[in-house]
Amino acid sequence: MRTEFNVSRLEPTAVYRLLTASVLPRPIAWVSTVSADGVDNLAPHSFFTVSSATPPIVQFTSVGRKDSLRNVEATGQFVVNLAPESLVEEVNRTATDFPHGVSEFDAVGVAREPGARVKASRVAGSPVALECELHSTLRLGDSTVVFGRVVHIAVHESVLTDGHPEVTRMRPLARLGKDEWSTLGEVLDLRRIRYADWQDG
């Protein structure tokens, strides 16, 4: 037995709640940008993924026209900082609807460090920072998908194992439905089956 929902008969907020409670866990792009006036901005976006490996492109979605989107459009640059479990309170606080022109870095007390290839600051306490230059944007209804070409990757040495980022050391956060968050939990190591092995049984 299922409960059926006709999307065309639902209010947009109801559809949003159903989607975010069903598409999960969602990784968080903790996006840092800088305005044309030089004000740093920092905000979490849970509609986030890799779009392409060659060329390296990531994407996040701005639901509505937020400062992250305005700044990217103005400067053509941004940083995706991994949101670690140790900074969950700071990540959540940077989602506050501060007035335009207020830096979340300063308001929340998040330590920053300069980017290597972009003007936007990186989160000093984030284990991984993906510095991006704007590739393109795509408007979908009330949202805008932002595609960024990754031009520089900075990984803290403390989370590297044999030169590779180790997920149990990074401890990434994820968003669920309502006000729910997820931490890493159990990690399963399951190798993909090659067809040749499948044939051999």
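Quick caveat, the model's predicted, so the values are computed rather than measured.

J.: Please clarify how a nonpolar patch on the surface should be interpreted in this entry.
T.: Taken together, the side chains of I193, Y195 and W198 present a nonpolar region at the surface, about 440 Å² in accessible area. Mapped onto the elements, Y195 comes out in helix α6 (residues 195-199).

J.: Would you mind showing me how to read the nonpolar core here?
T.: What tends to happen in soluble globular proteins is that the nonpolar side chains get buried as a cluster. Within the largest apolar cluster, 17 residues are counted, with the highest numbers of intra-cluster contacts made by V58, F60, F78, V80 and L130. Of all elements in the fold, only β2 (29-34), β5 (57-63), α2 (67-75), β6 (77-82), β9 (128-140) and β10 (143-155) reach the threshold of two or more residues within this core. Look past the residues within four positions of F78 in its chain and what remains in contact with it is V31, S32, T33, F60, V72, V118, A120, L130, E131, C132, V146 and G148. If you look at the next biggest cluster of nonpolar residues, it comprises 11 residues, including W30, L42, F105 and V108.

J.: It is not clear to me how the sheet that holds strand β14 (residues 181-182) should be interpreted in this structure. Could you clarify?
T.: The strands making up a sheet associate through hydrogen bonds between their backbones, and the pairing can be parallel or antiparallel. One open sheet accounts for three strands, arranged β1-β13-β14; its pairing is antiparallel. If you trace the sheet from one side to the other, it starts and ends with β1 (26-27) and β14, each paired once. Where strand β13 (residues 174-175) and β14 come together, two bridges link them in antiparallel fashion. When the sheet's bridge partners are listed, A174 is paired in β14 with S182.

J.: Explain α2 here, please?
T.: Residues that lie three or four places apart on an α-helix share one face, since the helix turns once every 3.6 residues. Burial in α2 covers these residues: D67, S68, L69, N71 and V72. Packed against the buried residues of α2 are β2, β3 (40-45), β5, β6, β9 and β10. G76, located one to two residues past α2, shows a positive phi value of around 75°.

J.: What is the right way to look at the pattern of salt bridges in this model?
T.: Note on pairing: side chains with opposite charge can pair once their charged atoms come close. Overall, the coordinates contain nine salt bridges when judged by the stated rule. E73 is the salt-bridge partner of R65, the closest N and O atoms lying 2.6 Å from each other. You can call R65 partly exposed: its relative accessible area is 41%. For E85, the salt bridge goes to R171, with nearest N and O atoms at 3.0 Å. Taken together, the residues span a long stretch of sequence, with E85 in the loop between β6 and α3 (88-93) and R171 in the loop between α5 (167-170) and β13 at a distance of 86 residues.

J.: Mind showing me how you'd approach the packing of aromatic side chains here?
T.: For any pair of aromatic rings, geometry is given as the distance between the ring centres together with the angle between the planes. Enumeration according to the criterion identifies two aromatic pairs in this entry. Note on Y16 and F47: the rings are 6.3 Å apart at their centroids and 40° apart in plane angle, and the pair reads as tilted. Pair noted here: Y16 is in helix α1 (residues 12-22) and F47 is in the loop between β3 and β4 (48-52), with a separation of 31 residues, a long-range link. Taking relative accessible area as the criterion, F47 reaches 28% and is therefore assigned partly exposed. Between F60 and F78, the aromatic rings sit 5.3 Å apart at their centres with planes inclined by 75°, giving edge-to-face as the arrangement. Of this pair, F60 sits in strand β5 while F78 sits in strand β6, and the two are 18 residues apart along the sequence. The class for F60 is buried, based on a relative accessible area of 0%.

J.: Sorry if this is basic, but what is going on with the environment of L184 here?
T.: Structurally, L184 can be placed in the loop between β14 and α6. A C-alpha to C-alpha distance of 24 Å links L184 and Y16, two positions 168 residues apart in sequence. Non-local contacts of L184, meaning those with residues more than four positions away in its chain, are made with V167, T168, R171 and P172.

J.: What is the right way to look at the sheet that holds β4 in this model?
T.: Pairing within the open sheet is antiparallel, and its seven strands lie in the order β3-β2-β6-β9-β10-β5-β4. At either end of the open sheet lies a strand with only one pairing partner, and these are β3 and β4. Ignoring which end each strand starts from, the neighbouring axes of this sheet average 35° apart. For β4 and β5, the ladder comprises four bridges, and the chain directions are antiparallel. Each bridged residue has a counterpart across the sheet, and for F48 the counterpart in β5 is F60. Those strands touched by α2 are β2, β3, β5, β6, β9 and β10, and its axis lies near 50° from that of β2.

Rules of the game
Residues numbered from 1 in each chain as written. Predicted model: local features only at pLDDT ≥ 70, side-chain atom pairs only at ≥ 80, totals over all residues. Heavy atoms only, no water. Patch = residues over 30% accessible without salt bridge, like charges linked within 9 Å, V, L, I, M, F, W, Y side chains within 5 Å. Areas by Shrake-Rupley, 256 points an atom, 1.4 Å probe, with all protein chains shown as cover. Salt bridge = Lys/Arg side-chain N within 4 Å of Asp/Glu carboxyl O. Helix = DSSP H or I, 4+ residues; strand = E, 2+ residues; numbered from the N terminus. Core = buried A, V, L, I, M, F, W, Y, C linked by side-chain atoms within 4.5 Å. Buried < 20%, exposed > 50% of the residue type's maximum accessible area, 1.4 Å probe, protein only. Contact = heavy atoms within 4.5 Å. Pairing = 2+ DSSP bridges. Phe/Tyr/Trp six-rings, centres within 6.5 Å; stacked < 30°, edge-to-face > 60°. Axes fitted to C-alpha atoms, helices over the stretch in contact; angles between N-to-C directions.

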